[in-house]
Amino acid sequence: MRVPGRVVLTEAALASLLALVAHEVPGVVGMAPAGLKDQVGRILGRQEAGEGVVVRPDPQSPGRYQVDLYVVLAYGTRVPALAEALGERLAYAARHLGGVELSQVRVHVVGVRCG
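Residues numbered from 1 in each chain as written. Predicted model: local features only at pLDDT ≥ 70, side-chain atom pairs only at ≥ 80, totals over all residues. Heavy atoms only, no water.

- Looking at the Sequence similarities (unreviewed entry) heading of the UniProt record, one finds this comment for the protein: "Belongs to the asp23 family." (UniProt positions renumbered as here; feature names shortened; annotations may be inferred.)

1. Concerning the pattern of salt bridges
Next, step 1: Scanning the model with the defined rule gives four salt bridges in all.
Next, step 2: A salt bridge links Arg106 to Asp68, with the shortest nitrogen-to-oxygen separation between them at 2.8 Å. Within this pair, whereas Arg106 is found in strand E4 (residues 101–113), its partner Asp68 is found in strand E3 (residues 64–74), the two being separated by 38 residues in sequence.
Next, step 3: For the salt bridge of Glu101 with Arg95, the shortest nitrogen-to-oxygen distance reads 3.2 Å.
Next, step 4: On the accessibility criterion, Glu101 (32% relative accessible area) is partly exposed.
Next, step 5: Look at the salt bridges and you will find they share partners, linking Arg56, Asp68 and Arg106 into a network. (Salt bridge = Lys/Arg side-chain N within 4 Å of Asp/Glu carboxyl O. Helix = DSSP H or I, 4+ residues; strand = E, 2+ residues; numbered from the N terminus. Buried < 20%, exposed > 50% of the residue type's maximum accessible area, 1.4 Å probe, protein only.)

2. Some points on helix H3 (residues 79–98)
Next, step 1: For H3, built from 20 residues, the straight-helix expectation of 28 Å at 1.5 Å per residue is met to within 8% by its first-to-last C-alpha distance of 26 Å.
Next, step 2: Considered for burial, the residues of H3 that qualify are Leu82, Leu86, Gly87, Leu90, Ala91, Ala93 and Ala94. Along the long axis of H3, the arc covered by the buried residues comes to 165°, so they all point the same way. Turned more than 90 degrees away from the buried face of H3, the exposed residues are Pro80, Glu84, Glu88 and Tyr92. (Expected span 1.5 Å × (residues − 1). Arc of directions from axis to C-beta.)

3. A look at the environment of Ala32
Next, step 1: For Ala32, the location among the structural elements is in the loop between strand E1 (28–31) and helix H2 (36–43).
Next, step 2: You can call Ala32 buried: its relative accessible area is 8%.
Next, step 3: Once the C-alpha coordinates of Ala32 and Val72 are considered, the two residues, 40 residues apart in sequence, prove to be 6.5 Å apart.
Next, step 4: Sequence-distant contacts of Ala32, that is, excluding residues within four places in its chain, are made with Glu51, Gly52, Tyr70, Val72 and Val110. (Contact = heavy atoms within 4.5 Å.)

4. Regarding the pairing of E4
Next, step 1: For E3 and E4, the ladder comprises eleven bridges, and the chain directions are parallel. The partner of Val67 across the bridge, within E4, is Val105.
Next, step 2: Taken together, E3, H3 and E4 form a β-α-β motif whose crossover is right-handed. (Pairing = 2+ DSSP bridges. Right-handed = clockwise from strand over helix to strand, strands pointing away.)

5. Points about the pairing of strand E2 (residues 53–57)
Next, step 1: Pairing of E2 with E3, which is carried by five bridges, proceeds in the antiparallel orientation. Bridge pairing in E3 places Val53 opposite Leu69.
Next, step 2: A loop of six residues connects E2 with E3, the two strands running antiparallel in sequence, and Gly63 in this loop sits at a positive phi of about 90°.

Dropping the structure here:
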């Protein structure tokens, strides 16, 4: 039996989903704080699942979203290949798991870790 209704995915929930997907990509060591809010939360000992991901509606494409991803990579990772893999995985997850389309994924590499 189907119950009529509507499912709404918030930008925060989409950010959390995309952060979890990003962690699965080989070469991604972790996420970096995307802004002041994330930095203050980290100082206070709070870390949210969506840390390092900023999701905004695309003003040129209604119904689609732009994503900025702030990542820390493992030393020796090929950045162009990783950025392409992240873009593909995030677009797939947003479409199939979240039911939304991404118009743009920007990957910001903010650090590199050894070992």
